[in-house]
Amino acid sequence: MMDAFSDSRVEEVILFTSSGVGKTSLLENVLGYYIDYDPCPILFVEPTDGDAQRWSKDHLATTIRDTPCLAGRVYEAKGRRGDNTITHKKFPGGYLSVVGANSPRGFRRMTARVVLLDEVDGYPPTAGPEGDPLELARRRTRNLWNKKIGIVSTPTMKGFSRIETAWLNSDQRHYFVPCPRCRTYQILIFGPSSQFASLSKGYLRIDQENPARSCYICEHCGKELRESDKFKMIARGEWRATNSTVRSMTGSIIAGFHLSELYSTFSSWESIARKWLVMKKHRESLRVYINTILGETWEEPDALTTTAEALEARKEKYAGCPAGVILLTAAVDIQVDRLECVVKGWGLNDESWLIDVKRFYFATPGGKEAWQLLDDYLKNRFPVMDTNGRETGVTLPIVRTFVDSGYRATDVYAWTAPRRARGIFAIKGVAGERDPLIGKISRTQAARKGAILIPIGVHIGKRMVYDRLDIKEPGPGYVHLNEEATEDYLKQLTSEKLIPHYTRDRIPVLRWVRKVEGGRNEALDLEVYNLAAFTFINANMTVLAKRLEARVSAAPEKAKQSPARGQEETGPKLPATRRSVRRSSFVSGWRKW
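Residues numbered from 1 in each chain as written. Predicted model: local features only at pLDDT ≥ 70, side-chain atom pairs only at ≥ 80, totals over all residues. Heavy atoms only, no water.

Turning to the overall build of the chain, a few remarks are in order. Along its length, the chain carries 16 helices and 23 strands. Across the 593 residues in the chain, those meeting the buried criterion constitute 52%. A separation threshold of at least 6 residues defines the contact pool for the chain, and within that pool the share at least 24 residues apart is 69%. Taken as a whole, the chain presents about 28300 Å² of accessible surface, with 50% of it coming from carbon and sulfur. (Helix = DSSP H or I, 4+ residues; strand = E, 2+ residues; numbered from the N terminus. Buried < 20%, exposed > 50% of the residue type's maximum accessible area, 1.4 Å probe, protein only. Contact = heavy atoms within 4.5 Å. Areas by Shrake-Rupley, 256 points an atom, 1.4 Å probe, with all protein chains shown as cover.)

The next subject is the pattern of salt bridges. Proximity of charged atoms lets side chains of opposite charge pair with each other. Applying the stated criterion to the full structure yields 35 salt bridges. Here Arg 520 and Glu 522 are joined by a salt bridge, their closest N and O atoms 2.9 Å apart. By relative accessible area, Arg 520 is classed as partly exposed at 37%. Given a relative accessible area of 5%, Glu 522 falls into the buried group. A single salt-bridge network, built from bridges that share partners, covers Asp 337, Arg 338, Glu 340, Arg 359, Asp 488, Arg 520 and Glu 522. (Salt bridge = Lys/Arg side-chain N within 4 Å of Asp/Glu carboxyl O.)

Those residues of helix α8 (residues 269-279) that sit buried are Trp 269, Ile 272, Ala 273, Trp 276, Leu 277 and Met 279. Buried residues along α8 sit against β9 (203-205), β10 (215-217), β11 (224-225), α7 (227-235) and α9 (283-292).

Here we come to the pairing of strand β14 (residues 327-334). Across the eight residues of β14, eight count as buried, placing the element largely inside the fold. What you see with β14 is no split at all: Leu 327, Thr 329, Ala 331 and Asp 333 on one side and Leu 328, Ala 330, Val 332 and Ile 334 on the other are buried throughout. Where β14 meets strand β15 (residues 338-346), eight bridges bridge the pair, whose relative direction is antiparallel. Bridge pairing in β15 places Ala 331 opposite Val 342. Hairpin remark: β14 followed by β15, antiparallel, with three residues in the connecting loop. Here five bridges tie β14 to strand β18 (residues 391-404), and the two strands are oriented parallel to one another. Residue pairing across strands places Val 332 opposite Val 403, the latter belonging to β18. (Pairing = 2+ DSSP bridges.)

With that out of the way, let us pick up the environment of Thr 141. Secondary-structure assignment places Thr 141 in the loop between α5 (133-139) and β6 (148-153). For the pair formed by Thr 141 and Leu 43, sequence separation is 98 residues and the distance between their alpha carbons is 9.6 Å. In this structure Thr 141 touches Ala 112, Arg 113, Val 115, Lys 147 and Ile 149, once residues within four positions along its chain are discounted. A polar contact of 2.8 Å, which involves the side chain of Thr 141, links it to the backbone oxygen of Arg 138. (Polar contact = N/O pair within 3.5 Å; in protein donor to acceptor, adjacent residues only side chain to side chain.)

This part covers the sheet that holds β10. Paired through backbone hydrogen bonds, the strands of a sheet run either parallel or antiparallel to each other. Pairing within the open sheet is antiparallel, and its three strands lie in the order β9-β10-β11. One side of each edge strand has no neighbouring strand; the edge strands of this open sheet are β9 and β11. As paired strands, β9 and β10 are joined by three bridges and run antiparallel to one another. What sits directly across from Tyr 203, in β10, is Ile 217.

In this section: the side chain of Ser 495. Here Ser 495 lies in the loop between α14 (487-493) and β22 (496-502). With residues near it in sequence (within four places) discarded, Ser 495 still touches Tyr 466, Val 513, Arg 514, Lys 515, Arg 520, Asn 521 and Leu 524.

Burial of the side chains of strand β3 (residues 88-91) is restricted to one face: Lys 89 and Phe 91 are buried, whereas none of His 88 and Lys 90 on the reverse face is. Examined bridge by bridge, β3 and strand β4 (residues 94-100) share four bridges and lie antiparallel to one another. Paired with Lys 90 across the two strands is Tyr 95, which belongs to β4.

Next comes the structure, spelled out in C-alpha cells:
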C-alpha cells in the first residue's frame, strides 16, 4: 500500500480497511517520505478541527521529534515567526497544513500537490455552505500533473460510505494468500454473508463451544487452516487488482486496497471469533463488528426482522407483574378521541414485560372525564407474582409516566404540571438522527403551566426498540408480551421501517417511514416513551431487586393467594389507592415505594 504512494503511475490511493491495521502509521510514513525525499505542499484532512489538532499533537509532533531526518528539516517554532504551529508546519521545499473537514476556511487559498484524507466516513456531509469536503480537498490539486491523493477510512453505512464509493471507482485490490495445503491463492473473508463472498467461498469457521478451535476453511481444498498457518500465508501473499477498467480522469491508475482484521498479525482468529459470539447479539454491536473488524459497510436491514406474526406466536399468559419485574413505567399518547396508555415492567439487564394497555375515550370536547380516569388509573398498584404465577402480597406502583405533548400540548402541560411529584412529565418527540434518547429538559414554553418538558429522541428510540424485539430468547433486552398485545397492537408495533434518504441539500440521513401509508403506530411510540421513561430513572436495578426480594420474603403468608387467572378486558382488579408515602421531592420519591 505504501509503494502505491511513490508509484508515478498512481494518482489516487484508496485504503478501505478495518480499524487497527496501521492506517495512521502508514499515513505518517507517507508524510515522512514527502517531507524528507520529495518535499512539496501537503494538505492533511481530519474529520474535525479538534481531530486535526489532536492528531498533530499526539502523532505528528512525536513522529517529527523521534525521526532524525524529519527533526532536522521541519522548522522549529522561533518567537513569533509562525513557521511551525500546531496545524501548519514548514520545511525546505514545502509545507504541511492540517485542517478539519468541517472548516471551509481550511480549503481556501491553498494549492497542494499531496492531499491525504483520514477517516473520510467521519466527515460532515458539507463543509459549511461550500459542499462536500472530500471534493473540496480534491480541488486543491487541480492543474498539477504529479498530484497524489490518499483517501483512507474504516467504512460505515452502505450507500452513505465515502470510502466504499471511492474504492468502487478504483482497481479494487485484494490481498491474495496461498493455502499451505493446496498452494492455491484466495482472499480471506468472514463467510457467505461477506460483502466480498462473490470472490471467495472460504470462510472462518467459528466453534461456539470452544472459540480457540476456530479455524479458516480453504475454499479450494476444504482443509482447516490454523492460526500458525496465517503468518506463512501473509508472508507469501500478494496484492491483485480485480477491476482493471477504472482510470482517473487523467488516465492514471486509481489504486484501491481492501483489508480486514482477518489478515492482522496482531489479532488472532480466535479473538475475532470470540468478538463475533458476543457482538452478534445486538444490531448496534453487530454493526461495529462489520465496520471495524471485517472492514465492510453496514447494510441497514428493514429495521425489524421479527414480524407481527412472529410476535403473536411468542405471547405469554401472565397477569400482574411476573417474576423478574422490578419497577413499572407508563406512557401516554394523545389521540383525537382518546388517551392511549401502556404500562411496562422492567427487570435486570433491560428485560421488559408488557403489563397493561388502556384506552380512555373523550366523552366531551375537553375530555375532563378521560383525564380523571387516567389520573385514577396511574395511582393503581400492580400485584407482584412469584415464579408459579401466585400473588406474593406485594404490589408495585408506576414510578414514572411520560405523556406525549405533540397533540393538545396546552392540556398536557396543565395536567402534568401539578403531578410532577408523582413522576408524571410532559415529553416531546424529536426526530433527529443524532438526537439522544433523553434530551435536555426544557422549561421555556412548558413553564407557562409549570410543567417540565423532556425531549425524546424517537429515531434512536425506535432503533433500540426494534433491536430488542429482534431478540428471540428471554434474557437481557428481551421484550415479553402478554394477551394485552392484540393483533392490532402488534401491527402498530412493527409498523415502521428505516430507509436511507437524502435531504434537499443532498445530505444523507436515515428516516423512519410507515410500511403502510396512513397506518397507525401508537404502540411503537408508546414503547419508545416507556423505554425513555425507564432510561430517565437511571435506577440501580440490582439494589431494587434485592429490596423487592426482601419485601416479598417479609410479606405475610396469608396475603399470598392462589394462582392468578387471566386478565379481564378491564385489566386486573387493583387497590384503588396507594400506600401513603411521604415524598421529599419528585426526584427521590420513587425510591421510597
